[in-house]
Amino acid sequence: QVQLVESGGGLVQAGGSLRLSCAASGRTFSSYAMGWFRQAPGKEREFVAGMWWSGGSTYYADSVKGRFTISRDNAKNTVFLQMNSLKPEDTAVYYCAAGFHRTSDPKMYDYWGQGTQVTVSS
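Residues numbered from 1 in each chain as written. Predicted model: local features only at pLDDT ≥ 70, side-chain atom pairs only at ≥ 80, totals over all residues. Heavy atoms only, no water.

**Looking at the sheet that holds strand S1 (residues 3–7)**
On the basis of which strands lie adjacent, the open sheet formed by 4 strands has the order S1-S3-S8-S7 and antiparallel pairing. Each edge of the sheet is formed by a strand with only one pairing partner; in this case those strands are S1 and strand S7 (68–73). Going across the sheet, the axis of each strand differs from the next one's by a mean of 15°, ignoring polarity. (Pairing = 2+ DSSP bridges. Helix = DSSP H or I, 4+ residues; strand = E, 2+ residues; numbered from the N terminus. Axes fitted to C-alpha atoms, helices over the stretch in contact; angles between N-to-C directions.)

What follows is the structure, encoded as structure tokens:
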């Protein structure tokens, strides 16, 4: 059974940093695309960052480009989202997802974590 478990969220001041982790288990993820999404209250879930688990290029939403970095540690079966220069508008629940398509469309992802709250104060 596939499990994705996010951690690392919290409260941070504007300009600060957080690193989110997504621990993956239940199968080999080498052929999966991994994505980070976020959802603020009253808004739709939106794409943040993505990559193939096997490596290669990464891709980002324009709103986070240059501030956020997605990466993975194969040995730990974990995907990370390093978030720097955080802004109040980054406040949301952040979700990790896995699927077979490298896409920003959340409907194309098959597995989701439970989410972790990130709150950025001004």
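Having seen the model, we can carry on.
**Thoughts on the pairing of strand S11 (residues 116–121)**
Covered by surrounding structure in S11 are Thr-116, Val-118 and Val-120 only, the residues Gln-117, Thr-119 and Ser-121 on the alternate face being uncovered. Sheet topology note: the strand S2 (residues 10–13)/S11 ladder contains 4 bridges and is parallel. By the bridge assignment for S11, Leu-11 is matched with Thr-119. Here strand S9 (residues 92–99) pairs with S11 via 3 bridges, running antiparallel. Within S11, the residue paired with Ala-92 across the bridge is Val-118. (Buried < 20%, exposed > 50% of the residue type's maximum accessible area, 1.4 Å probe, protein only.)

**Looking at the state of the cysteines**
By the definition in use, this model includes 1 disulfide. Here Cys-22 connects covalently by a disulfide to Cys-96, the sulfurs 2.1 Å from one another. Taking the sign of the S-S torsion, about -75° here, the bridge from Cys-22 to Cys-96 comes out left-handed. Separated by 74 residues along the polypeptide, Cys-22 in strand S3 (residues 18–25) and Cys-96 in strand S9 bring together distant segments of the chain. Note on Cys-22: relative accessible area 0%, which makes it buried. (Disulfide = S-S within 2.5 Å.)

**Comments concerning the packing of aromatic side chains**
We describe a pair of aromatic rings using the distance from one ring centre to the other and the angle between the two ring planes. Evaluated as defined, the whole model comprises 10 aromatic pairs. Plain terms: the ring middles of Tyr-95 and Trp-112 are 6.4 Å apart, the flat faces sit at 80° to each other, and that makes the pair edge-to-face. Of the two residues, Tyr-95 is situated in strand S9 and Trp-112 in strand S10 (residues 109–112); the sequence distance between them amounts to 17 residues. An aromatic cluster is present here, built from Phe-37, Phe-47, Tyr-59, Tyr-95, Tyr-109 and Trp-112 joined pairwise through their rings. Its guanidinium or amino end placed over the ring of Phe-80, Arg-19 lies 4.1 Å from that ring's centre, counting from NZ or CZ. When the ring centre of Trp-112 is taken as origin, the NZ or CZ atom of Arg-45, which lies over that ring, is 4.7 Å away. (Phe/Tyr/Trp six-rings, centres within 6.5 Å; stacked < 30°, edge-to-face > 60°. Lys NZ or Arg CZ within 6 Å of the ring centre and 35° of its normal.)

**Regarding the pairing of S7**
Relative to strand S8 (residues 78–83), S7 runs antiparallel, the two being bridged by 6 bridges. Within the sheet, the bridge partner assigned to Asp-73 lies in S8 and is Thr-78.

**Structural notes on the environment of Ser-31**
Tracing the chain through its elements places Ser-31 in the loop between S3 and strand S4 (33–39). In this structure Ser-31 comes out as partly exposed when scored by relative accessible area, which is 44%. Each C-alpha atom of the pair Ser-31 and Ser-21 lies 19 Å from the other, and the pair is 10 residues apart in sequence. Ignoring anything within four residues of it in the chain, the contact list for Ser-31 reads Trp-52 and Phe-100. (Contact = heavy atoms within 4.5 Å.)

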